[in-house]
Amino acid sequence: MDFPIFHLDFMGNRLLIAVIAILHVLINHSLAVGLAPLVTYFEYLGWKNKSQEMDQFANKVMFVGFVITTSLGAMTGVGIWLSASLVSPASIGSLIRVFFWAWFTEWIVFVTEVVLILLYFLTWKKSLQSEDAKKKHIKFGIALSIFSWITMAIIVAILSFMMDPGSWSQTKSFVDAVINPVYMAQLAFRTPVAMFMAGTVVLFLSVFFTKKGSPLRKSVTKTTSIWILSWSIWVVVGSIFYYSVIPDMMANNLSIAVGTMEFSNWYDSLLVVMGVGIISVIGISLYSLSGKNLPIALSIIPVLISFSLLTVFERAREFIRKPFVIGNYMYSNMFRIEEYPLLQKEGILKHATYVKQNSINDENIVEAGKDIFLLTCSRCHTSHGINSVVKKFQTMYGSSDLNPDGMVAYIQGMHNARYFMPPFPGSELEMKALVTYIQKTKDYPIPTEGAQETGVTVSIKRGHQ
């Protein structure tokens, strides 16, 4: 309520964040956290076995990781901050206040990581000049691997806190925020997943960076296959550990998180599909382990499966914490739990800063309803785009006339019918204004514009100048 409402009605705000964040996580896990130690290991094998070909292979793989992480990875990292600050500024503000020192530390670690990846990649040719230079270069790779993992470890603390703050809700302690009930389990899951994904990427690249039937390819594919198979065991262990600490309320959301509302009944079938995918990666790794040449068409399958599984995981992680954006503290509409009693009594418009209407009457009820929609619904819904609130009600009541009394009754109890939705934070009069706006925009389907298009109206409240 203290920020202008940014809104994209054609795609939805949550999809904007999801696309950027998932792309960043895929790059970060596979080509930063996971790839650095695997490339370093290949460089070590090349040095140990006096194999210049193995060293060149490691350099080529690192080139791919370097280019993608320092371009697309860097842009999406900044993009997460930009999109989250636009779409959910209240939650980002709360997280910064809680995790200021963690993010400060992460920034220092990240800068160090950037320096290390530059040193590691750009000094590769110089490392070939002597034994001491190569040993020093391998140490750069080890340091890069450690700092890449530390960056992830810090961010995972924040992500897991958003799922379950634990005792922080009572103590407001930074230590309790970091060591939350989900932290160790999520870190124990993400670490082997990153290593596993990196292995699938290297297995795919080996088809292009080595000659068919050569001793180098056999050595690379054998080493990579062992890497994938070894980490796959810990992926399973981490998954079980992670699932065991998820709160029951979140576990109940999994069927919708994985299959969406339309395919929630297919949850068991989707789990089977994911299980088959993992088995397929293991099967292809065993095939490579045997020393047989891996066709290009087959080599891309493990990459697609591992990336798809992490994408599903990220969507599920984001969804299962609903109705909260920060567990048991702030709802996904950016209203804090403690604010609800006052707002449901006095209404949200009275306490909102960037709205055109602070009260509701017969003349402004539609405009007031639009402000209420933007404040309460637009974090997850659009009016006519993806996850359209109009289409939701048309599905419930038919595509003809919407039932205003039925809509008000539904909004009053929607958090009971769909427990992943937060309760309506405003007054009953504001519910009616919201329903009026939804009916109006159904009849005149004009996309709802956010502050980036309409500009900003600052409401001057009584007693303020």
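As the structure is a computational prediction, the values presented were derived from the model and not from experiment.

Enquirer: Before we go on, may I ask you to explain the overall build of the chain in this structure?
Expert: Scanning the chain from terminus to terminus reveals 20 helices and two strands. The C-alpha extent of the chain, read off along each of the three principal axes, is 85 × 50 × 40 Å. Considering only residue pairs separated by 6 or more positions, the chain has 74% of its internal contacts joining residues 24 or more positions apart. Carbon and sulfur atoms provide 65% of the accessible area of the chain, an area that totals close to 22,100 Å². Taken as two groups, the 37 positive and 30 negative side-chain charges of the chain have centres that lie 12 Å from each other.

Enquirer: Sorry if this is basic, but what is going on with unusual backbone geometry here?
Expert: Excluding glycine, residues mostly have negative phi values, and the peptide bonds linking residues are mostly trans. The linkage connecting Lys322 with the following residue, Pro323, adopts the cis geometry, with an omega of 15°. Its place among the elements puts Pro323 in the loop between helix 14 (296-320) and strand 1 (324-326). Of note, Lys50 is a non-glycine position whose phi angle comes to about 55°, a positive value. Structurally, Lys50 can be placed in the loop between helix 2 (35-48) and helix 3 (52-87).

Enquirer: I'm lost on the nonpolar core in this one. Help?
Expert: Nonpolar side chains in soluble globular proteins generally cluster together in the buried interior. Ranked by size, the top nonpolar core spans 66 residues in total, and within it Tyr242, Ile372, Leu375, Phe393, Ile411, Leu434 and Ile438 carry the most contacts. Apart from residues lying up to four places away in sequence, Tyr242 is in contact with Met163, Val182, Ala185, Gln186, Phe189, Phe313 and Arg317. In this structure, Leu31, Val98, Leu187 and Leu216 belong to the second largest nonpolar core, which totals 56 residues.

Enquirer: Quick question: what am I supposed to make of the packing of aromatic side chains here?
Expert: Aromatic ring pairs are defined here through the distance separating the ring centres and the angle between the ring planes. One pass over the full model with this rule turns up 25 aromatic pairs. With a centroid separation of 6.3 Å and an interplanar angle of 70°, the aromatic rings of Phe99 and Phe174 are classed as edge-to-face. Residue Phe99 is located in the loop between helix 4 (89-98) and helix 5 (100-122), and its partner Phe174 is located in helix 8 (residues 174-178); the two are separated by 75 residues in the primary sequence. Residue Phe99 is classed as buried on the basis of its relative accessible area of 0%. The partly exposed category is assigned to Phe174, whose relative accessible area is 35%. Ring centres 6.5 Å apart and planes at 15° place the aromatic pair Phe100 and Phe104 in the stacked group. Of this pair, Phe100 and Phe104 both sit in helix 5, separated by four residues, roughly a single helical turn. Ring pairing ties together the aromatic residues Phe99, Phe161, Trp168, Phe174 and Tyr329, which thus form one cluster. The cationic tip of Lys172 hangs over the ring face of Trp168; the distance from NZ or CZ to the ring centre is 4.7 Å.

Enquirer: Help me understand the pattern of salt bridges, please; the structure alone is not making it clear to me.
Expert: Oppositely charged side chains can pair when the atoms bearing their charge come close. Per the stated rule, a full pass over the model turns up 11 salt bridges. Across the pair Glu318 and Arg317 runs a salt bridge whose closest N-O atoms are separated by 3.0 Å. In this structure, Arg321 and Glu318 form a salt bridge, with 2.9 Å as the shortest nitrogen-oxygen distance. Residue Glu318 is classed as partly exposed on the basis of its relative accessible area of 36%.

Enquirer: Looking at this structure, how should I read the packing of helix 18 (residues 404-417) against helix 19 (residues 428-443)?
Expert: Packed helices, taken two at a time, are described by their axes: the angle between them and the distance between them. Two numbers describe how helix 18 lies on helix 19: the axes approach to 10 Å, and their chain directions differ by 125°. Comparing their axes, helix 19 and helix 18 come out oblique. When the axes of helix 18 and helix 19 are compared, the crossing they make is right-handed. Mapping the contact onto sequence places Pro404, Met407, Val408, Ile411 and Gln412 in helix 18 and Glu428, Met431, Lys432, Leu434, Val435, Ile438 and Gln439 in helix 19. Split into classes, the residues belonging to the contact of helix 18 with helix 19 amount to eight nonpolar, two polar and two charged.

Enquirer: Any chance you could explain the packing of helix 1 (residues 13-33) against helix 3 here in plain terms?
Expert: At a closest axis distance of 8 Å, the pairing of helix 1 and helix 3 adopts a crossing angle of 150°. Taken together, the axes of helix 1 and helix 3 are roughly antiparallel relative to one another. Handedness of the crossing formed by helix 1 with helix 3: left-handed. Across the interface between the two elements, Asn13, Leu16, Ile17, Ile20, Ala21, Leu23, His24, Ile27, Leu31 and Ala32 of helix 1 pack against Gly65, Ile68, Thr69, Leu72, Gly73, Thr76, Gly77, Gly79, Ile80, Ser83, Ala84 and Val87 of helix 3. Here the residues of the contact of helix 1 with helix 3 sort into 13 nonpolar, nine polar and no charged.

Enquirer: Even after reading the chapter, I still don't get the environment of Leu205, so can you show me in this structure?
Expert: Residue placement: Leu205 occurs in helix 9 (residues 183-209). As for Leu205 and Phe57, which are separated by 148 residues in sequence, their C-alpha atoms are 9.5 Å apart. Here Leu205 is in contact with Val61 and Val64, once residues within four sequence places are set aside.

Enquirer: What exactly am I supposed to notice about the UniProt feature "transmembrane region" (unreviewed entry) in the chain here?
Expert: UniProt annotation of "transmembrane region" (unreviewed entry) refers to residues 15-42, 63-86, 98-122, 142-163, 183-205, 226-246, 266-287 and 294-313 when read in the numbering used here. With 95% helix and 0% strand, residues 226-246 has end C-alpha atoms that lie 31 Å from one another.

Enquirer: Teacher, can you tell me more about the side chain of Glu113 here?
Expert: Within the fold, Glu113 resides in helix 5. Arg190 is the oppositely charged side chain nearest to the buried, salt-bridge-free Glu113, at an N-O distance of 14 Å. Polar side-chain contacts of Glu113 include one of 3.1 Å to the side chain of Thr151. Excluding residues that lie within four positions of it along the chain, Glu113 makes contacts with Ala32, Leu144, Phe147, Ser148 and Thr151.

Definitions and cut-offs
- Residues numbered from 1 in each chain as written.
- Predicted model: local features only at pLDDT ≥ 70, side-chain atom pairs only at ≥ 80, totals over all residues.
- Heavy atoms only, no water.
- Helix = DSSP H or I, 4+ residues; strand = E, 2+ residues; numbered from the N terminus.
- Contact = heavy atoms within 4.5 Å.
- Areas by Shrake-Rupley, 256 points an atom, 1.4 Å probe, with all protein chains shown as cover.
- Lys, Arg positive; Asp, Glu negative; His and termini not counted.
- Charge placed at Lys NZ, Arg CZ, Asp CG, Glu CD.
- Core = buried A, V, L, I, M, F, W, Y, C linked by side-chain atoms within 4.5 Å.
- Buried < 20%, exposed > 50% of the residue type's maximum accessible area, 1.4 Å probe, protein only.
- Phe/Tyr/Trp six-rings, centres within 6.5 Å; stacked < 30°, edge-to-face > 60°.
- Lys NZ or Arg CZ within 6 Å of the ring centre and 35° of its normal.
- Salt bridge = Lys/Arg side-chain N within 4 Å of Asp/Glu carboxyl O.
- Axes fitted to C-alpha atoms, helices over the stretch in contact; angles between N-to-C directions.
- Parallel < 35°, antiparallel > 145°, perpendicular 65-115°, else oblique.
- Left-handed = near helix turned anticlockwise from the far one by under 90°.
- Nonpolar A, V, L, I, M, F, W, Y, C, P; charged D, E, K, R; others polar.
- UniProt positions renumbered as here; feature names shortened; annotations may be inferred.
- Polar contact = N/O pair within 3.5 Å; in protein donor to acceptor, adjacent residues only side chain to side chain.

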